[in-house]
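Here are the chains, one letter per residue:
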Amino acid sequence: MPCNYINKLPFEILQQIFENLSTKGFERQNMKTCLHVCKLWQFMAQGFLNQEYSINLAEDSLKRLLEDVPYFGYKIRSITVNRTADLPDRESNYHTLVKTLTKCPNLVFLDLKVDEIYGYLHALMYGEVKLKNIQIFDADNVRFSSLSTRQLYLQLNLEYHKTITSISINRLIDIPGYTNNNDLTSFVKQFPKLTSLKITGPSASSIDINQLLKSVPRLQEFTLLFFNAINVNSLDEEALNNLEDLDITKLRIEVAEIDVKSLRYIVSRLRKVDNLHLDIGRLIQDVPVIEYGMAQLVNYLDVCITGIAAFHIAFHYQGFNFFMQHNMELRIEPVSEYGPEDDPLEPNHLIEVR
């Protein structure tokens, strides 16, 4: 039967065909075959294979799919919206996206790989769509967008704060009403299920990492980029126990400077980390709190990172640049003629290990 006739079958019949194909013991083989029949069958087969969809809003097949998606929209867990040529009216793109999402009540992950992202965020924020199970809004282009777009992205996440598990804060000023670190802590505390947090700070900012981590007890992945300084201001026994109780397994920090005391407690107390990436422009000797020469410091860090599967630590300390990495020997190099403030071995020149 030609493909165009198949597509004219009532959707209830198509649905039954796929249900039968998915219960014969050869479901993956059958569905992979269906992927090559036509665009409509490709969409449907994706749902039975892995509940993940990649859509182009301007595709004619998507219009046909939207007419019948209620029959299997409940299966969809993940949607990636690809960059595509705009429909004649850009508003049609936003309307199509909202219309699609209203029929996917169990959606968990939405990835917007689109340009001009403000319109899509606005449609999600104020359109007639409620994503009661959404966990992640992924939108790479947000970080290159205007302040109003970045703020709208955070507002959208805040709208779904009860279910969101991952969020990226591209600038601290994006946070509504931000004035200091207390506002950052108050903001992330509103996400009770947060397991992944990425914060990019302007070079003039500093942050109390202990205060922040106490506010997100479920955190598993934590990234801090481009801060001027990181410190652990609270070093009482209760604060240290809070750090030990955290479940962080992946930690990445890129910072201009940090004192030895704060570095010591970060690497020693976060004991569940198995992927560690630290790029430190300058490690500050905080006498008289702790007296570490180079050998003592390296030995101490070496003990702390024992058992970590993947690590990369780079820092400047007492006139030398240190490089510690899981797949290579310790490397120590004297500071170049440029000086520590403009040394070409600053963090942004270092090798990243994933």
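S.K.: Explain the overall build of the protein chain to me, please; I cannot follow it from the model alone.
M.R.: Tallying secondary structure elements over the protein chain gives 13 helices and 13 strands in all. Out of the 354 residues in the protein chain, the part that is buried amounts to 48%. In the form shown here, the protein chain has an accessible surface area of approximately 17,600 Å², with 49% of it arising from carbon and sulfur atoms.

S.K.: I would appreciate a short explanation of the packing of helix H12 (residues 260–269) against helix H13 (residues 294–304) in the present structure.
M.R.: Angle between the axes and distance between the axes are the two parameters that describe a pair of packed helices. Where H12 meets H13, the axes come as close as 9 Å, and the angle between the chain directions of the two elements is 20 degrees. In this view, H12 runs roughly parallel relative to H13, as classed from their interaxial angle. Crossing of H12 over H13 shows left-handed handedness. Residues Val260, Leu263, Arg264, Val267 and Ser268 of H12 pack against Leu297, Tyr300, Leu301 and Cys304 of H13.

S.K.: How should I be thinking about the pairing of strand E9 (residues 250–259) in this particular structure?
M.R.: Across a regular strand the side chains alternate sides, sitting on one face of the sheet and then on the other. Judged from the 8 bridges that link them, strand E8 (residues 221–231) and E9 form a sheet pairing that is parallel. Note that in E9 the partner of Leu225 across the bridge is Glu254. Strand direction decides the pairing type here: E9 and strand E10 (residues 275–284), joined by 9 bridges, are parallel. Across the sheet, Glu254 pairs through a bridge with Asp279, a residue of E10. Handedness of the β-α-β unit built from E9, H12 and E10 comes out right-handed.

S.K.: Help me understand the side chain of Thr165, please; the structure alone is not making it clear to me.
M.R.: Among the secondary structure elements, Thr165 is positioned in the loop between helix H8 (147–159) and strand E5 (166–169). Classification of Thr165 as buried rests on a relative accessible area of 12%.

S.K.: What should I look at first to understand the environment of Leu224 in this one?
M.R.: Inspection of the secondary structure assignment puts Leu224 in strand E8. Taking the relative accessible area as the measure of exposure, Leu224 reaches 0% and is therefore buried. With 54 residues separating them along the chain, Leu224 and Leu278 place their C-alpha atoms 9.7 Å apart. In this structure Leu224 touches Ile199, Ile207, Ile209, Ile230, Arg252, Ile253 and Glu254, once residues within four positions along its chain are discounted.

S.K.: Where do I start with H8 in this structure?
M.R.: Think of an α-helix as 3.6 residues a turn; residues three or four steps apart then line up on the same face. A rise of 1.5 Å per residue sets the reference length of H8, with its 13 residues, at 18 Å; its end C-alpha atoms lie 18 Å apart and thus fit the reference within 8%. Listing the buried residues of H8 in full gives Thr149, Arg150, Leu152, Tyr153, Leu154, Leu156 and Asn157. As for H8, its buried residues are in contact with helix H7 (117–126), strand E4 (136–138), E5 and helix H9 (181–188).

S.K.: Whenever I open this one, the pattern of salt bridges confuses me. Can you help?
M.R.: Two side chains of opposite charge can pair, provided their charged atoms sit close to one another. Enumeration over the complete set of coordinates arrives at 7 salt bridges. When the shortest N-O distance is used, the salt bridge between Glu159 and Lys130 registers 3.7 Å. With a gap of 29 residues between them, Glu159 in helix H8 and Lys130 in the loop between H7 and E4 connect regions that are remote in the sequence. Its salt-bridge partner being Arg150, residue Asp174 comes within 2.9 Å of it at the nearest N-O pair. Linking Asp174 in the loop between E5 and H9 with Arg150 in helix H8, this pair joins segments that are 24 residues apart in sequence. With relative accessibility at 0%, the residue Asp174 sits in the buried group. Judged by its relative accessible area of 9%, Arg150 is buried.

S.K.: Would you mind showing me how to read unusual backbone geometry here?
M.R.: With glycine set apart, most residues show a phi of negative sign, and most peptide bonds adopt trans. Positive phi, close to 65 degrees, is recorded for Phe226, a residue that is not glycine. Tracing the sequence through the fold places Phe226 in strand E8. Judged by relative accessible area, Phe226 falls into the partly exposed class, the value being 47%. Backbone geometry places Gln318, a non-glycine residue, at a positive phi of 50 degrees. When you line up the elements, Gln318 lands in the loop between strand E11 (310–317) and strand E12 (320–325). On the accessibility criterion, Gln318 (43% relative accessible area) is partly exposed.

Conventions adopted
Residues numbered from 1 in each chain as written. Predicted model: local features only at pLDDT ≥ 70, side-chain atom pairs only at ≥ 80, totals over all residues. Heavy atoms only, no water. Helix = DSSP H or I, 4+ residues; strand = E, 2+ residues; numbered from the N terminus. Buried < 20%, exposed > 50% of the residue type's maximum accessible area, 1.4 Å probe, protein only. Areas by Shrake-Rupley, 256 points an atom, 1.4 Å probe, with all protein chains shown as cover. Axes fitted to C-alpha atoms, helices over the stretch in contact; angles between N-to-C directions. Parallel < 35°, antiparallel > 145°, perpendicular 65-115°, else oblique. Left-handed = near helix turned anticlockwise from the far one by under 90°. Contact = heavy atoms within 4.5 Å. Pairing = 2+ DSSP bridges. Right-handed = clockwise from strand over helix to strand, strands pointing away. Expected span 1.5 Å × (residues − 1). Salt bridge = Lys/Arg side-chain N within 4 Å of Asp/Glu carboxyl O.

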